[in-house]
Amino acid sequence: MVEDYKKECKRKEQYIFGSILLLANKIQILGDRLIEDISLKQWFLLIIIKLIGKENPSVSDIAENMGSTRQNVKQMLNTLEKKGYVMTQKSKEDGRALAITLTVKCHKYFERNEYTGDAILDKLFQDIEPSEYDSIIQVFNILFRNIDNY
């Protein structure tokens, strides 16, 4: 009986793990289809820069807040700089680091697409009760903590 319970728990863990990966892929495909000019990951990177609360965050700051590598962030920043959404310059505090600034084009992009993001979230969360949000957040926070402690 205990052994059956353990097997069932393991199957559920595997299902949840696979579902998280599948959900991430489906969200990326949806976002890439609905967001204009940039990919969902590039949009997320811009949001992270905006929310960091630091005037000119470094690539390392962004990578840490995004849960990504410096190399991946740098690659996305190069693309975004070519498209005119960010500017990179040497940091005044640390000459080895790059300081990232959002451009006027980026701020206008946010203003123009603010409701698109809200509409995507409204549709994505339409059948989830707001009373369930705290439980979902709690589970994700535990998963993040466990990954950080791995």
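Visitor: Where do I start with the layout of surface pockets in this structure?
Guide: In this approach a probe as big as a water molecule rolls over the atoms, and the regions it shows empty are the leftover space. Looking at the largest pocket, its volume works out to about 2800 Å³. Every residue lining the largest pocket is counted, 50 residues in all, and those nearest its centre are Ile-20, Ala-24, Ile-27, Phe-140 and Phe-144. Breaking the lining of the largest pocket down by element, the ones donating at least two residues are helix 1 (2-34), helix 2 (40-51), helix 3 (59-66), helix 5 (104-124) and helix 6 (133-149). Per-element accounting of the lining of the largest pocket gives the leading share, 13 residues, to helix 1. In terms of residue class, the lining of the largest pocket is made up of 31 nonpolar, 13 polar and six charged. Asn-56, Ser-91, Lys-92, Glu-93 and Ala-99 are, among the 15 residues lining the second largest pocket, the residues nearest its centre. Going through the elements one at a time, strand 1 (86-90) and strand 2 (98-102) are the ones with two or more residues in the lining of the second largest pocket. Of the residues that constitute the lining of the second largest pocket, the class distribution is four nonpolar, four polar and seven charged.

Thresholds, definitions, all that
Residues numbered from 1 in each chain as written. Predicted model: local features only at pLDDT ≥ 70, side-chain atom pairs only at ≥ 80, totals over all residues. Heavy atoms only, no water. 1 Å grid on protein atoms, 1.4 Å probe; cavity = no way out; pocket = protein on both sides within 12 Å on 5 of 7 lines; lining within 4 Å. Points joined across faces, edges and corners; volume = space filled by probe spheres on them. Helix = DSSP H or I, 4+ residues; strand = E, 2+ residues; numbered from the N terminus. Nonpolar A, V, L, I, M, F, W, Y, C, P; charged D, E, K, R; others polar.

Remember that the coordinates give geometry; whether it matters functionally is a separate question.
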